[in-house]
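Here is how the chains run, residue by residue.
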Amino acid sequence: MSTASEQIFVGGNAELRVMRERLAAARESHPGIIFVEGGAGIGKSALVRRFLRDAGPGATVRISGEEAESAIAYGLVSQIVGQVPAGQARELSTMVSDAGADPVAVGGALLRLLDAAQGRAGLLLVVEDLHWGDVPSGQALLFALRRLRVDRVLALVTYRPAGLSRLGEGWRRLLTDDERSRHIGLTGLRVDDILALAGLLGISELTRAGARRIHEHSAGNALYIRALLEELPPVVLGQPAGPVPAPRSIAATILARLAALSPHAQRLVQAAAVLGGHPPVYTAALLAGVADSPTALEEAGQAGLLAEIPADPDRLLTFPHELIRSAVYEDLRPVRRGALHSRAAELLGGEAALTHRVLAAPGFDAVLADEVEAAAKAKEARSALLEAAAWWRRASALSPDRRSRERRLLTAVDRLLNGGDAAGAEALRAAVERCSDGPLRNYVLGYMAFVGGRAQDAERLLTAAADAPPRPGEDPGTALTRASATTQLCRLLVVAGRSTEALSRSLRVLPLLPPSSVQRSRHAAILVVAQFELGPRAQALALVEHLPALHAAPTSADERVARGMVRLWMDDLTGAMADLSDVVEAGRASLRADNSAQAMGFLGEAEYRAGLWDQAIARTELLVSLSHDAGRIWDFAFVHGIAALPRAGRGDWTEAEAHVRAALAAAAEFGLAAAVGWAAHAQAALAAARGDQHGVLDATRALAGLRGGGTVDPGILPWRPLRTEALVELRQLDEAEQELDTLEAVLADRDVPAIGLDLARVRATLAAARGDVAAADAAFTAGAQILPAVPRPLNRGLFHLARGHFLRGSGQRQAAVRELRAAHAIFVGLDARPYAERSEQELIACRLRPGEARRRDPLGLTGQELAVARLVAEGRRNREVASELYVTTKTVEYHLANVYAKLGVTNRVELAARFHQLAREPEGG
């Protein structure tokens, strides 16, 4: 009979065929992701080993999750570093050395590594036991895999059923919604497979009926079946019916193998189980007290209990299956296990020593709990929040008094939330709810509710925490808890449209926060946004008028985003894009990019308003992808609402509709004023682009009754001009008059040139609809005086179009043609097809030949090709383009080749000339 350590594989032919086909496709620049799902012992590892045996040429990188290391930030991704040339791994190595690194930044570095490592023969990335991977690694891997387009990369991912849920919704979507993904569900060995395995093990007595009996008993679990085949005598195997004799569990089988070993081999296996992970042979031998480790290791290997990782220079040990390690570890008597952990602490030192001291503790230990809390705080100082959370939980378990135990548990959950592991925090909600009532409990539960989109629960709990009165002798950290609760509550209040309350609370807490801290910057940003909504606007801008350079004061990023937002809303688009792009660029290059997603969203809107629609489309589509990857569900109404705007203006109806639907769904789920406002404005903009005035009224009806959250200020959400114009078009003139009066009142203390121009346009069209030609002409004349100060080309185009229509109706043909041609030039420059068609129809009505109203020569490029072409035309190198668009250089090269073919150019110089000729800026650039 073969020993258990031999590599035996049966079954899985259909699965192997799929895997080989996907590998061949990947080597032809069609990347793929194969998900192999199955329970413990079902045969995932055996299938992977068999596939790798015949994988052929090309690089292979193999990493695996470890249950004991699931809280170590970037523990999974860091395994890649030693498997690729140092030059390719340098950037990723630097990134993962900081546990607080932003997953998007690490994902970008990983994407560039995959780009460099794939070569001509391709790259096979094997990720085993993803369900035990750390959350930051999972986010970084997801980010990189989603952005493989024409790369020679195949990712092979194994996980247990339901194991992806702790890593976020993005992994489920990659599995179910991405055409590059394939799912292989392993249900275990079939009857024929069991017979084949028996033959390979030299067991001839097993009949088909006996194999069927074993299959029914084992549910196809490969590890269990092999144990039964090696354990049961031939006479039992040959029986065709009847129950399998009360078989021992797999653990019992494993322990029987362990008991058959010599004492020194047993001690080596036990020591390796206590050390966990992949300990070096010499460390396990020292812990076991084994002098002849090669002999002991060979004996344990023959029994299939322990192995040495092949070709590893550090001679690391591994268990063939985690079930083996668990069985050995759990079988150790508590006293013996504790002694081994204590001895391991003496051997290892440092953080590992503290881990083993925790595991050696027989029960509560207040002194050790304090040491563990100090280790947690040290992790926090390095921004390693998820690792800190694990240490806080250990400190909690060691705490003899309830007060300390609960404080440490609640702190652990707070660090999980701040570290982005919402699923890990949610798993502890029941334990949090059992804690004693108090500010920290209410804050943590309120934070969880906010992240989960339960706005009412979040407000109630965060208010209770923020307003909790100080108590004599309270923990010094309680004041910080109240400040943290106030931060989250103020953010909730702003998006709920209650800026007065947010402003009042922020003003009270701001003096209590340390200067030059992230939390102080966040409150300052809340103050700016709330002050802008409440007025005066100049005072809001004055709060952040003089900010240091971002590289000199990285903690000021929140304030810089707030200044960019205010500048955007005041029509200072140049200043807004400068501020917001600074934060986006810092987020791309920095290890921490908390603000870059918000900055990217408002930068995309600034580009849309400035008429840079190609850039806006590329940026907002990327933002949507990033938000979904990160599971930032509370941002969906915002990001989808912004992404819909340039798509609607272009007449890309399918894409615009999809974004509007997603925005509306998110707004309906959360119900906060800001979410409702972004979604409704996007819906109204889409209806306006289609000329569907009833749709505009339907979309904006709910907004008319909202207050705050940007819904009142037309500089933030300019829906009211759309609604007023729709009312005029539908001849609901009295209601239109009321809307205009409201808009004028809102604009009284706001200087927003584009909205002032919209007001003049709609006022003129209303007067014309009433037959008051003089009033209409006066309103258009007033608007013309504003026109030079308006930085938004779409608004200028709409003004010219409306004035041209009015002049044509008044019999002033030549003047009408001038206005309509100006409008047409703007719309063509934007490639705003629905609006260009309207201006063409007006020109035709002026008896202008249709040929004179032709639009610009279209580029004929896809959105991704256009984004690549624009950056290359600006002089960027392929690697720089790849970094900015978060793709690989292979993808850039692919799109660039298509651009050359479509535009009839052969090099970058010709592309720049051709591109700038065709892609003129609005109004001639």
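Residues numbered from 1 in each chain as written. Predicted model: local features only at pLDDT ≥ 70, side-chain atom pairs only at ≥ 80, totals over all residues. Heavy atoms only, no water.

Within the protein, the secondary structure is distributed over 47 helices and 7 strands. By the compact-globule yardstick of 29 Å for 925 residues, the protein fits well, its C-alpha radius of gyration being 33 Å. The principal-axis extent of the C-alpha atoms belonging to the protein is close to 105 × 75 × 55 Å. Counting across all 925 residues of the protein, residues that qualify as buried make up 57%. By sequence separation, contacts in the protein at least 24 residues apart represent 66% of the contacts at least 6 residues apart. Put simply, the protein shows about 37600 Å² of open surface, and 53% of that area lies on carbon and sulfur atoms. (Helix = DSSP H or I, 4+ residues; strand = E, 2+ residues; numbered from the N terminus. Rg over C-alpha atoms; globule rule 2.2 N^0.38 Å. Buried < 20%, exposed > 50% of the residue type's maximum accessible area, 1.4 Å probe, protein only. Contact = heavy atoms within 4.5 Å. Areas by Shrake-Rupley, 256 points an atom, 1.4 Å probe, with all protein chains shown as cover.)

What follows deals with unusual backbone geometry. Positive phi is not limited to glycine here, since Arg731 has a value of about 65°. Note on placement: Arg731 falls in the loop between α37 (720-729) and α38 (733-747). For Arg731, a relative accessible area of 53% puts it in the exposed group. Non-glycine residue Asp831 carries a positive phi angle of around 60°. If you trace the backbone, Asp831 turns up in the loop between α42 (813-830) and α43 (833-845). According to the relative accessible area criterion, Asp831 is buried, its value standing at 19%.

We now examine the sheet that holds strand β3 (residues 123-128). Read from one edge of the open sheet, 5 strands run β2-β3-β4-β1-β5, paired in parallel fashion. The open sheet terminates on both sides in strands that have one partner only, identified here as β2 (59-64) and β5 (181-185). Averaged over all pairs of adjacent strands, the angle between strand axes in this sheet comes to 15°, irrespective of strand direction. Bridge count between strand β1 (residues 32-37) and strand β4 (residues 153-159): 6 bridges; the pairing is parallel. Within β4, the residue paired with Phe35 across the bridge is Val157. Running over the sheet, helix α6 (residues 169-177) touches β1, β4 and β5 and is turned about 105° from β1. (Pairing = 2+ DSSP bridges. Axes fitted to C-alpha atoms, helices over the stretch in contact; angles between N-to-C directions.)

Under the criterion given, the structure shown has 57 salt bridges. Notably, a salt bridge pairs Glu387 with Lys379, separated by 2.8 Å at the nearest N-O pair. Between Arg460 and Asp457 there is a salt bridge; the shortest N-O distance is 3.5 Å. One end of the pair, Arg460, and the other, Asp457, are both in helix α24 (residues 455-466), 3 residues apart, so they sit about a helical turn from each other. It is possible to trace a salt-bridge network through shared partners that takes in Asp614, Glu621, Arg647, Arg650, Asp652, Asp831, Arg833 and Arg870. (Salt bridge = Lys/Arg side-chain N within 4 Å of Asp/Glu carboxyl O.)

Geometrically, a packed helix pair is captured by the angle between its two axes and the distance between the axes. Viewed as axis vectors pointing N to C, helix α12 (residues 263-275) and helix α14 (residues 293-302) meet at an angle of 80°, and their least axial separation amounts to 8 Å. In this view, α12 runs roughly perpendicular relative to α14, as classed from their interaxial angle. Here α12 contributes His264, Ala265, Leu268 and Val269 to the contact with α14, which in turn contributes Ser293, Thr295, Ala296, Leu297, Glu299 and Ala300. Classifying every residue of the contact of α12 with α14 by side-chain character gives 6 nonpolar, 3 polar and 1 charged. (Parallel < 35°, antiparallel > 145°, perpendicular 65-115°, else oblique. Nonpolar A, V, L, I, M, F, W, Y, C, P; charged D, E, K, R; others polar.)

Within β1, 5 of the 6 residues are buried, leaving the element largely enclosed by the surrounding structure. Inspection of the sheet shows β1 paired to β5 by 5 bridges, in the parallel sense. Across the sheet, Val36 pairs through a bridge with Ile184, a residue of β5.

Side chains of a nonpolar character, in soluble globular proteins, are inclined to be buried together. Counting residues in each nonpolar core, the largest one holds 126 residues, and the members touching the most others are Phe35, Ile80, Leu92, Val106, Leu130, Leu141 and Trp171. Leave out the neighbours within four places in its chain, and Leu130 touches Leu76, Leu141, Val157, Thr158, Tyr159, Leu164, Leu167 and Trp171. Of all hydrophobic cores here, the second largest spans 64 residues; its members include Ala682, Ala764, Leu787 and Leu807. (Core = buried A, V, L, I, M, F, W, Y, C linked by side-chain atoms within 4.5 Å.)

Orientation of helix α41 (residues 793-809) relative to α42, taken along the N-to-C sense of each, is 150°, at an axis distance of 8 Å. Classified by the angle between their axes, α41 and α42 sit roughly antiparallel to one another. Viewed along their axes, α41 and α42 form a crossing whose handedness is left-handed. Counted together, Pro793, Leu794, Arg796, Gly797, Leu798, His800, Leu801, Arg803, Gly804, His805, Leu807 and Arg808 of α41 and Ala815, Ala816, Glu819, Leu820, Ala822, Ala823, Ile826, Phe827 and Leu830 of α42 form the full contact between these two elements. A class-by-class count of the residues in the contact of α41 with α42 yields 13 nonpolar, 4 polar and 4 charged. (Left-handed = near helix turned anticlockwise from the far one by under 90°.)

Another point: helix α36 (residues 693-700). Most of α36 is tucked away: 6 of the 8 residues are buried. Those residues of α36 that fall on the buried side of the exposure criterion are Gln693, Gly695, Val696, Leu697, Ala699 and Thr700. In this structure, the buried side of α36 is in contact with α35 (673-690) and α37.

What characterises a pair of aromatic rings is the spacing of the ring centres plus the angle enclosed by the ring planes. Applying the stated criterion to the full structure yields 13 aromatic pairs. Measuring from ring centre to ring centre gives 5.2 Å for Phe532 and Trp569, while their planes differ by 45°; the resulting arrangement is tilted. With a gap of 37 residues between them, Phe532 in helix α27 (residues 518-534) and Trp569 in helix α29 (residues 557-569) connect regions that are remote in the sequence. Summarising the aromatic geometry, the rings of Phe602 and Phe638 are spaced 4.8 Å apart at their centres and angled 45° between planes, so their arrangement reads as tilted. Placement of the pair is Phe602 in helix α31 (residues 596-609) and Phe638 in helix α33 (residues 636-650), with a sequence separation of 36 residues. (Phe/Tyr/Trp six-rings, centres within 6.5 Å; stacked < 30°, edge-to-face > 60°.)

Along the chain, Gly649 falls in helix α33. Residue contacts for Gly649: discarding those within four places in its chain leaves Trp613, Ala832, Arg833, Pro834 and Tyr835.

This paragraph deals with the environment of Ala816. Tracing the sequence through the fold places Ala816 in helix α42. On the basis of relative accessible area, Ala816 is assigned to the buried category, the value being 0%. Separated by 12 residues in the primary sequence, Ala816 and Gly804 have C-alpha atoms spaced 4.2 Å apart. Residue contacts for Ala816: discarding those within four places in its chain leaves Gly804, Leu807, Arg808 and Cys846.

On the secondary structure map, Glu373 appears in helix α18 (residues 366-381). Here Glu373 falls in the buried class, since its relative accessible area comes to 9%.

In this fold, Glu739 is placed in helix α38. Among all residues touching Glu739, those that are not within four sequence positions of it are Arg720, Arg723, Thr724 and Leu727.

With that out of the way, let us pick up the environment of Gln266. Position of Gln266 among the secondary structure elements: in helix α12. Counting along the chain gives 77 residues from Gln266 to Arg343, while the straight-line C-alpha distance between them is 17 Å.

In this model, α35 (18 residues) spans 26 Å end to end at C-alpha, consistent with the 26 Å of a helix rising 1.5 Å per residue. Buried residues dominate α35, accounting for 15 of its 18 residues. (Expected span 1.5 Å × (residues − 1).)

It is worth spelling out the confidence of the model for the protein at this point. On average, the protein scores 85 in pLDDT, and the residues at 70 or more come to 92%. Every residue in residues 850-857 scores below 50 in pLDDT, and together they form 21 contacts with partners more than four places removed in sequence or on other chains. Confidence drops under a pLDDT of 50 for residues 921-925, and excluding neighbours within four residues, the segment shows 10 contacts in the predicted structure. (pLDDT = per-residue confidence, 0-100.)

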